[in-house]
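Coordinate analysis (summary)
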Amino acid sequence: MSQPIVHVGGQVVVERPHFEQLLDVLSKKGYRVVGPTVRDGAIVYDELTSASDLPVGWTDEQEGGRYRLKKRSDEALFGYVVGPHSWKKFLHPPVLRLWQAKRSAGSFEIAEENQEPSRFAFIGVRSCELHAIATQDKVFMKGQYVDPGYKSRRENVFIVAVNCGQAGGTCFCVSMNAGPKATSGFDLALTEVLEADRHYLVVEVGTERGAEVLSELPHKAAHQDEMETSERIVAKTAQQMGRSMDTTGIKDLLYRNYDNPRWDQVAERCLTCANCTMVCPTCFCTTVEDVTDLTGDQAERWRKWDSCFTMDFSYIHGGSVRPSAKARYRQWMTHKLATWIDQFGTSGCVGCGRCITWCPVAIDITEEVRAIRESETRQKEDEHGDA
Ligand code: SF4
Ligand code: SF4
């Protein structure tokens, strides 16, 4: 049977058994294929050697401070939401050597790190994660300073997105206009369809590169009813969001509420452990550390992820600018939802829910916004009542 011509914007259907070949095609084209896999009781992102490395038949249950894997009753490939990892670990690595220096003839020779970029193929990127990647693109590539390492890794990535077939208990991408359907920033976007006697993927082509890869897999043109099924799945997911956030006037709300008593209440719970910033797909802060060997002949500079929840992060002139948990939590949330808008023109939050799931004391950013909004309303009503 001859294959239909694949074009950008078109949709085709790949039957589940043929999906296996996608990973081979990408590997043969020189991509390092990474995607979701089960490890240590969680779905993480790591190198995949075949489709059987995917979390086949697994789902996750998520709530504030809670994450559990559970078996599904089917063999879904993408029947879960996002785990503790995000794609930033590949594009903006947690630890990166920037340069090395060697002592020679009484001076030092600096050797720049050869950052030969890996050509990654990301499998299973969710819509909120596409938005998070676009947010980090602004930080690292679209400002005055361009991070050359990030740029070279980013430009080579092949992205296979997945439209979410279910929402997690802590997801709120709909509130942030970031999901659950992938609308841009992908080479291919899949919707997985599981029927009683059939398992297939509706694939939307985002780029010429995507069309070229897809043309090497057995596929057929998508029928109207298959495309409608795919739309219905995503629409149903949008109705199932575990959380929501009212973002109306959020920037000014937070700017008006630096002194809201809610910051004291959240600070009583916050452990300043930094988990929320580590799992957040948009947080980008780093520090640098210099190390030498014992002889003092060799020195290295390393860049490492840092967090606004550490005391050292705002340490200047013998003291930390944000010594209290209150100051640090307020800084983080106000940056994510308000100052980020002034800085980069968008929110720093895509509603992935990771900071809620992975907070050991279940602090919930959606709940904190709601509480500040309600507290301000109450204050206004009280003032009105007193007048
Ligand atoms: S909000 Fe939660 S995850 Fe973030 S620093 Fe505080 S305790 Fe840790
Ligand atoms: S702030 Fe929380 S919900 Fe928003 S993008 Fe970061 S981890 Fe996800």
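All of these numbers come straight from a predicted model, not from anything done at the bench. (Residues numbered from 1 in each chain as written. Chains lettered and ligands numbered in written order. Predicted model: local features only at pLDDT ≥ 70, side-chain atom pairs only at ≥ 80, totals over all residues. Heavy atoms only, no water.)

Structural notes on the side chain of Thr-282
Structurally, Thr-282 can be placed in the loop between helix H9 (275-279) and strand E13 (286-292). Classification of Thr-282 by relative accessible area gives buried; the value is 1%. Within polar-contact distance, the side chain of Thr-282 engages the backbone oxygen of Gly-348 at 2.6 Å. (Helix = DSSP H or I, 4+ residues; strand = E, 2+ residues; numbered from the N terminus. Buried < 20%, exposed > 50% of the residue type's maximum accessible area, 1.4 Å probe, protein only. Polar contact = N/O pair within 3.5 Å; in protein donor to acceptor, adjacent residues only side chain to side chain.)

Brief notes about the site of ligand 2
Around ligand 2 sit Phe-172, Cys-280, Pro-281, Trp-332, Lys-336, Cys-349, Val-350, Gly-351, Cys-352, Gly-353, Arg-354 and Cys-355, and that is every residue in its neighbourhood. Elements with a minimum of two residues in the shell around ligand 2: helix H10 (325-344) and helix H11 (354-357). Classifying every residue of the shell around ligand 2 by side-chain character gives eight nonpolar, two polar and two charged. (Near = heavy atom within 4 Å. Nonpolar A, V, L, I, M, F, W, Y, C, P; charged D, E, K, R; others polar.)

Structural notes on the site of ligand 1
Surrounding ligand 1, one finds 13 residues, the nearest of these being Cys-270, Leu-271, Cys-273, Cys-276 and Cys-359. The class makeup of the residues in the shell around ligand 1 is eleven nonpolar, two polar and no charged.

Here we look at the domain arrangement of the protein
As assigned here, the protein comprises domain 1 (11-96 + 105-239) and domain 2 (250-284 + 308-382). Averaged C-alpha coordinates put domain 1 and domain 2 at centres separated by 28 Å. Each side of the interface is counted separately: domain 1 has 29 residues, and domain 2 has 26 residues. Both sides together, the interface formed by domain 1 and domain 2 hides about 2100 Å², and carbon and sulfur atoms give 64% of it. (Domains from an automatic or database assignment. Contact = heavy atoms within 4.5 Å. Buried area = accessible area lost by both parts, 1.4 Å probe.)

Notes on the sheet that holds strand E6 (residues 95-104)
The strand order E7-E6-E14-E13 describes an open sheet built from four strands, whose pairing is antiparallel. Edge positions in the sheet fall to strand E7 (107-112) and E13, since each has one partner strand and no second. With strand direction ignored, the average angle separating the axes of adjacent strands in the sheet is 20°. For E6 and E7, the ladder comprises six bridges, and the chain directions are antiparallel. (Pairing = 2+ DSSP bridges. Axes fitted to C-alpha atoms, helices over the stretch in contact; angles between N-to-C directions.)

Regarding the packing of H10 against helix H12 (residues 365-386)
In a packed pair of helices, the relevant descriptors are the angle between the two axes and the axis-to-axis distance. Relative orientation of the contacting elements H10 and H12 amounts to 90°, with a least axis distance of 12 Å. Looking at the two axes, H10 sits roughly perpendicular to H12. Contact residues: Tyr-329, Trp-332, Met-333 and Leu-337 in H10; Ile-365, Glu-368, Val-369 and Ile-372 in H12. Of the residues in the contact of H10 with H12, the class split is seven nonpolar, no polar and one charged. (Parallel < 35°, antiparallel > 145°, perpendicular 65-115°, else oblique.)

A few points about helix H8 (residues 262-269)
Listed in full, the buried residues belonging to H8 are Arg-262, Trp-263, Val-266 and Ala-267. Considered in projection along H8, the buried side chains sweep an arc of 135° and stay on one side of the axis. Each element contacted by the buried residues of H8 is listed here: helix H7 (250-256), H10 and H12. (Arc of directions from axis to C-beta.)

Points about a negative patch on the surface
A grouping of Glu-195, Asp-197, Asp-225 and Glu-228 is seen on the molecular surface, where their side chains present a negatively charged patch. Structurally, Glu-195 is set in strand E10 (residues 188-195). Note on Glu-195: relative accessible area 37%, which makes it partly exposed. (Patch = residues over 30% accessible without salt bridge, like charges linked within 9 Å, V, L, I, M, F, W, Y side chains within 5 Å. Areas by Shrake-Rupley, 256 points an atom, 1.4 Å probe, with all protein chains shown as cover. Salt bridge = Lys/Arg side-chain N within 4 Å of Asp/Glu carboxyl O. Lys, Arg positive; Asp, Glu negative; His and termini not counted. Charge placed at Lys NZ, Arg CZ, Asp CG, Glu CD.)

Some details on helix H1 (residues 16-28)
Of all the residues in H1, the buried ones are Arg-16, Phe-19, Leu-22, Leu-23, Val-25 and Leu-26. An end-on view of H1 places all buried positions within 160° of arc, on one side of the element. More than 90 degrees from the buried face of H1, the exposed residues found are Pro-17 and Lys-28. One or two residues past the end of H1 sits Gly-30, with phi positive at roughly 95°.

Brief notes about the pairing of strand E3 (residues 42-47)
For strand E2 (residues 32-39) and E3, the ladder comprises six bridges, and the chain directions are antiparallel. Directly across from Gly-35, in E3, lies its bridge partner Asp-46. Here E2 hands over to E3 after two residues, with Asp-40 in that stretch at a positive phi of 55°.

A look at the side chain of His-219
Inspection of the secondary structure assignment puts His-219 in the loop between helix H5 (208-214) and strand E12 (220-221). Within polar-contact distance, the side chain of His-219 engages the backbone oxygen of Leu-214 at 3.3 Å. Only 2.7 Å separates the side chain of His-219 from the backbone oxygen of Leu-217, close enough to count as a polar contact.

Some words on the nonpolar core
Counting 61 residues, the largest nonpolar core has Phe-122, Tyr-329, Trp-332, Met-333, Leu-337 and Ile-365 as its most contacted members. With seven residues, H10 is the single largest residue contributor to this core. Domain assignment of the residues forming this core places at least three in each of domain 1 (11-96 + 105-239) and domain 2 (250-284 + 308-382). The residues contacting Tyr-329, other than those within four sequence positions of it, are Trp-263, Val-266, Cys-270, Phe-309, Ile-363, Ile-365 and Glu-368. By size, the runner-up hydrophobic cluster in this structure holds 36 residues, among which are Val-12, Tyr-31, Ile-123 and Val-162. (Core = buried A, V, L, I, M, F, W, Y, C linked by side-chain atoms within 4.5 Å.)

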